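Notes for the structure review
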Amino acid sequence: GENVEQHPSTLSVQEGDSAVIKCTYSDSASNYFPWYKQELGKRPQLIIDIRSNVGEKKDQRIAVTLNKTAKHFSLHITETQPEDSAVYFCAARKAGNMLTFGGGTRLMVKP
Amino acid sequence: NAGVTQTPKFQVLKTGQSMTLQCAQDMNHNSMYWYRQDPGMGLRLIYYSASEGTTDKGEVPNGYNVSRLNKREFSLRLESAAPSQTSVYFCASSERPQRGADTQYFGPGTRLTVL
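Okay, so let's go over this structure. (Residues numbered from 1 in each chain as written. Chains lettered and ligands numbered in written order. Predicted model: local features only at pLDDT ≥ 70, side-chain atom pairs only at ≥ 80, totals over all residues. Heavy atoms only, no water.)

Notes on the state of the cysteines
All names here are of chain A. Scanning the model with the defined rule gives two disulfides over all chains in all. One disulfide in the model links C23 with C90; its S-S distance is 1.9 Å. One quick way to see it: the torsion about the S-S bond of C23 and C90 is about -100°, and its sign makes the bridge left-handed. Of this pair, C23 sits in strand β3 (residues 19-25) while C90 sits in strand β9 (residues 86-92), and the two are 67 residues apart along the sequence. Given a relative accessible area of 1%, C23 falls into the buried group. Assessed through its relative accessible area of 0%, C90 is described here as buried. (Disulfide = S-S within 2.5 Å. Helix = DSSP H or I, 4+ residues; strand = E, 2+ residues; numbered from the N terminus. Buried < 20%, exposed > 50% of the residue type's maximum accessible area, 1.4 Å probe, protein only.)

Printed below as a string of structure tokens:
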């Protein structure tokens, strides 16, 4: 089955800096890659996703890049703000299958 | 639209007791899921229901049973609770098309403690 690894497990940045979280996946047939944000004590919520026919997708301060050859994808957050502090999960899915989640990254943005 | 709802929000059980966690969605989604999230860890799939009338095991099914009561409702049952089942349980639902994007929407979670 699919295996998704996520790094780093914790990330601390200064407010205004950029943050990058990376994930690798094992199944080359995976074609859908969402990112979820989970604030403390809350439910995970989708923040951005990308499909395998696209190399990059951007939404304001958040962007995701995908390298199908290397089987890895990354979340980029620019101009970080304290409200970006949360746990971020990547996931991967191939057609007809379940989502497989990475282990999560705790992002701390220091004012 | 309430989205995905779960009851109860909190529960404390003694070892060996049983209970059922309830989940309902009003988005007319085909698929529903139960995850557990242990402190500092990711989401592990317990069971899922790809469509009404079907259920399948996920990564960590031991000690649990599920029922897809109808298209809206998917319950998780602990027959004999154990301390190792102390966790936060999330229900989720998705349209689950055969191809393409499959956004999962999560419920607020149930925080379960087994003493």
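A few points about the pattern of salt bridges
As a working rule, side chains carrying opposite charge can pair if their charged atoms are close by. All names here are of chain B. The tally for this structure, following the rule as stated, stands at six salt bridges over all chains. With its nearest N and O atoms 2.9 Å apart, the salt bridge here joins R36 to D38. R77 is the salt-bridge partner of E79, the closest N and O atoms lying 3.1 Å from each other. By relative accessible area, E79 is classed as partly exposed at 44%. (Salt bridge = Lys/Arg side-chain N within 4 Å of Asp/Glu carboxyl O.)

Describing the sheet that holds strand β7 (residues 62-67) of chain A
Residue and element names in this part refer to chain A. Taken in spatial order, the five strands line up as β1-β3-β8-β7-β6 in an open sheet, and their pairing is antiparallel. Two strands in the sheet have a free side with no partner beyond their single neighbour: β1 (4-7) and β6 (56-59). Ignoring strand direction, the axes of neighbouring strands in this sheet form an average angle of 15°. By the bridge criterion, six bridges tie β7 to strand β8 (residues 72-77) in an arrangement that is antiparallel. Within β8, the position partnered with T65 by the bridge is S74. (Pairing = 2+ DSSP bridges. Axes fitted to C-alpha atoms, helices over the stretch in contact; angles between N-to-C directions.)

Examining the interface of chain B and chain A
At the junction of the two partners, chain B supplies 22 residues and chain A supplies 19 residues. Applying the counting criterion to the chain B and chain A interface returns zero salt bridges. Between the two partners, chain B and chain A, sit three residue pairs in polar contact (both at pLDDT 80 or more). Of the residues that constitute the side of chain B that touches chain A, the class distribution is 12 nonpolar, seven polar and three charged. (Contact = heavy atoms within 4.5 Å. Polar contact = N/O pair within 3.5 Å; in protein donor to acceptor, adjacent residues only side chain to side chain. Nonpolar A, V, L, I, M, F, W, Y, C, P; charged D, E, K, R; others polar.)

A short note on the packing of aromatic side chains
Counted under the stated rule, the structure contains 12 aromatic pairs over all chains. Between Y36 of chain A and F101 of chain A, the ring centres sit 5.7 Å apart and the planes meet at 55°, which makes this aromatic pair tilted. Taken as a pair, Y36 of chain A in strand β4 (residues 32-38) and F101 of chain A in strand β10 (residues 100-101) lie far apart in primary sequence, 65 residues in all. Judged by relative accessible area, which is 10%, F101 of chain A ranks as buried. Note on F101 of chain A and F106 of chain B: the rings are 6.3 Å apart at their centroids and 70° apart in plane angle, and the pair reads as edge-to-face. Placement of the pair is F101 of chain A in strand β10 and F106 of chain B in strand β10 (residues 105-106), with the two residues belonging to separate chains. For the pair formed by F101 of chain A and F106 of chain B, the shared burial category is buried. Taken together, the ring pairs connect Y36 and F101 of chain A together with Y33, Y35, F90 and F106 of chain B into an aromatic cluster. (Phe/Tyr/Trp six-rings, centres within 6.5 Å; stacked < 30°, edge-to-face > 60°.)

Some words on the sheet that holds strand β1 (residues 4-7) of chain B
All names here are of chain B. Taken together, four strands build an open sheet; the order of strands is β1-β3-β8-β7 and the sheet is antiparallel. Edge strands, defined here as strands with exactly one partner in the open sheet, are β1 and β7 (64-68). Averaged over all neighbouring strand pairs, the angle between strand axes comes to 20°, with direction disregarded. The sheet contact formed by β1 and strand β3 (residues 19-25) spans four bridges and is antiparallel. Among the inter-strand pairings, Q6 is bridged to a residue of β3, identified as C23.

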